[in-house]
Every structure is written in C-alpha cells, then in structure tokens.
Amino acid sequence: MINADTAVLLVCAGNATRMGGIHKILHPLGDAAVLEHSLRTFCICESVTELIVVCREQDFDEFTAIVNKMQLSRPVTLAKGGSTRQQSVKNGFAAITTNAEYVAVHDGARPLVRREDIEQVIADARKTGAATLGVPAKDTIKVVRQGVITDTPDRSTLYQTQTPQVFRRSLYEQAVQRAEQCGQDFTDDCQLVEALGVQVTMTTGSYTNIKLTTPEDFAVAEALLKEIRANTEE
C-alpha cells in the first residue's frame with residue numbers, strides 16, 4: 001500500500017492576462033470547470049494526503065462553492081495568492097495542515113495530468129528528494145539574442161518541464177528561505193531547489209499534460225479530453 005505522505009499545492013492565482021480576461025481555472029472544460037478535473041485526479045491518488053488551492057482572495061467564494069459541491073475524499077484548504085508565483089506557493093506551503101513529508105506543486109491550468117504520472121513523480125521524489133514531470137522536446141530549440149540565432153542546443157538533452165514538481169518538504173522550505181535571503185524570485189519551483197545545488201530528477205510524463213495559457217489551448221484540451229475518455233471506456 002502506498003503511503004499518503006504528499007500535500008498538493010494547486011496554484012490557481014494567476015491574472016489570466018493571456019486569456020483575454022477569462023478566468024481559465026473556473027472556465028468549463030468538457031462537463032466541468034478546469035479546477036474540478038485537477039481536484040478529482042489528485043483526490044484518487046493514494047499518495048496525496050491533502051490539497052491546498054492557492055487562488056486570488058476575490059475568487060474564494062467561487063472556489064469554495066466548487067469544492068463543497070464535489071464532496072472530495074481529501075481535505076481541501078484555500079490559501080491566498082501572492083504578488084508572484086513564488087509568494088503564492090509559499091502561502092500555500094504555510095497552509096499545509098498535515099504531517100506530509102513531501103509537497104507537490106501543480107499548475108491549476110494543467111487539468112489533464114494523469115494519475116499514474118502523479119504517483120510516479122512522487123515515487124521518484126521519495127528516492128531523490130526532488131522530481132518533476134516533463135516530456136522530451138519535439139522541436140529544435142534555438143537560442144536567440146536581439147533577433148539573431150546564437151546557439152542550437154542538442155535536442156536530445158532538452159525537456160519541456162511540466163508539473164507537478166515534488167520535493168521533500170524540509171528541502172523545499174530550506175530552498176524558499178535561501179531564495180528570500182538572496183533576493184531571488186523564481187517562476188519555476190525546481191529552480192529554487194537547483195539554487196541549493198540539489199539535483200532534480202526528471203520523470204517522463206505525458207504530452208497530454210498541457211498548460212492552458214491562451215484561448216486556443218482550450219480547443220486542444222477539449223479534443224484531448226474526449227480522446228482520454230474514449231480510451232478509458234474501451
């Protein structure tokens with residue numbers, strides 16, 4: 001039996017500037033809001049002990065209504081988002097109520113993450129202290145400065161980083177404290193731990209774990225959701 005030793009921080013505090021004002025986390029995807037998909041998936045993971053949903057204070061009522069309606073099998077707490085992602089995650093971290101040994105940070109805008117991938121990245125973090133989901137880059141990546149290509153990295157070494165990103169709780173706390181002392185503000189949680197000189201394991205996930213960033217992404221997510229459900233019913 002898998003230990004329930006991981007608290008999940010679901011980060012949903014963005015301002016949706018690239019979504020034309022649409023609150024993507026509350027927006028429908030299939031027959032449910034984006035938020036509902038993530039909550040359902042994490043709540044069926046044996047490793048998860050609780051969920052902390054980090055959102056804007058003005059959204060508390062709507063988020064609370066969704067959580068109450070779902071009657072989930074894991075406790076869910078709301079935490080107030082900060083002015084930056086790093087601050088938002090810190091606020092969520094402070095709201096953990098259990099003795100979880102690990103913390104998983106997940107983008108609320110990635111509603112199609114798979115249960116098996118969540119369990120695998122947590123298992124890898126138990127072995128090494130830090131792990132993240134990701135997938136090999138499909139495209140050739142160019143480094144560009146002032147409109148001119150300056151380098152072409154070896155594609156075989158490149159991964160697109162996803163979430164959840166999972167860390168030993170004590171390690172993540174140490175990383176946040178160091179970043180604050182050094183005046184650093186990262187948009188990726190792995191960078192916090194990397195700044196300590198700690199290696200992060202890359203756990204290969206799925207290309208369906210897309211992030212909803214622009215309105216066009218919803219059309220892709222809808223198609224993926226239909227395909228996922230069709231495969232599940234077979």
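Residues numbered from 1 in each chain as written. Predicted model: local features only at pLDDT ≥ 70, side-chain atom pairs only at ≥ 80, totals over all residues. Heavy atoms only, no water.

**Q** Looking at this structure, how should I read the overall build of the chain?
**A** A tally of regular secondary structure across the chain gives 7 helices and 11 strands. Against the compact-globule benchmark of 17 Å for 234 residues, the chain has a radius of gyration of 18 Å, which places it among compact chains. In the chain, of all internal contacts separated by at least 6 residues, the share reaching a separation of at least 24 is 76%. A total accessible area of about 11,900 Å² is found for the chain, and carbon and sulfur atoms account for 47% of it. Side chains of the chain give 24 positive and 30 negative charges; the mean places of these two sets differ by 2 Å. (Helix = DSSP H or I, 4+ residues; strand = E, 2+ residues; numbered from the N terminus. Rg over C-alpha atoms; globule rule 2.2 N^0.38 Å. Contact = heavy atoms within 4.5 Å. Areas by Shrake-Rupley, 256 points an atom, 1.4 Å probe, with all protein chains shown as cover. Lys, Arg positive; Asp, Glu negative; His and termini not counted. Charge placed at Lys NZ, Arg CZ, Asp CG, Glu CD.)

**Q** Mind showing me how you'd approach the side chain of Lys24 here?
**A** Here Lys24 lies in the loop between β1 (6-12) and β2 (28-29). Despite its burial, Lys24 pairs with no opposite charge; the closest candidate is Asp217, at 7.3 Å N-O. In this structure the side chain of Lys24 is engaged in a polar contact, spanning 2.9 Å, whose partner is the backbone oxygen of Leu212. (Buried < 20%, exposed > 50% of the residue type's maximum accessible area, 1.4 Å probe, protein only. Salt bridge = Lys/Arg side-chain N within 4 Å of Asp/Glu carboxyl O. Polar contact = N/O pair within 3.5 Å; in protein donor to acceptor, adjacent residues only side chain to side chain.)

**Q** Is there a simple way to think about the pattern of salt bridges in this case?
**A** Charged atoms that come close allow side chains of opposite charge to pair. For the structure shown, the criterion picks out 12 salt bridges. Note that Arg56 and Asp59 form a salt bridge whose closest N and O atoms lie 2.8 Å from each other. On the basis of relative accessibility, which here comes to 5%, the residue Asp59 falls in the buried class. Arg114 serves as the salt-bridge partner of Glu116, at 3.6 Å between the closest nitrogen and oxygen. Several salt bridges share partner residues, and in doing so they unite Arg85, Asp107, Arg110 and Asp189 into one network.

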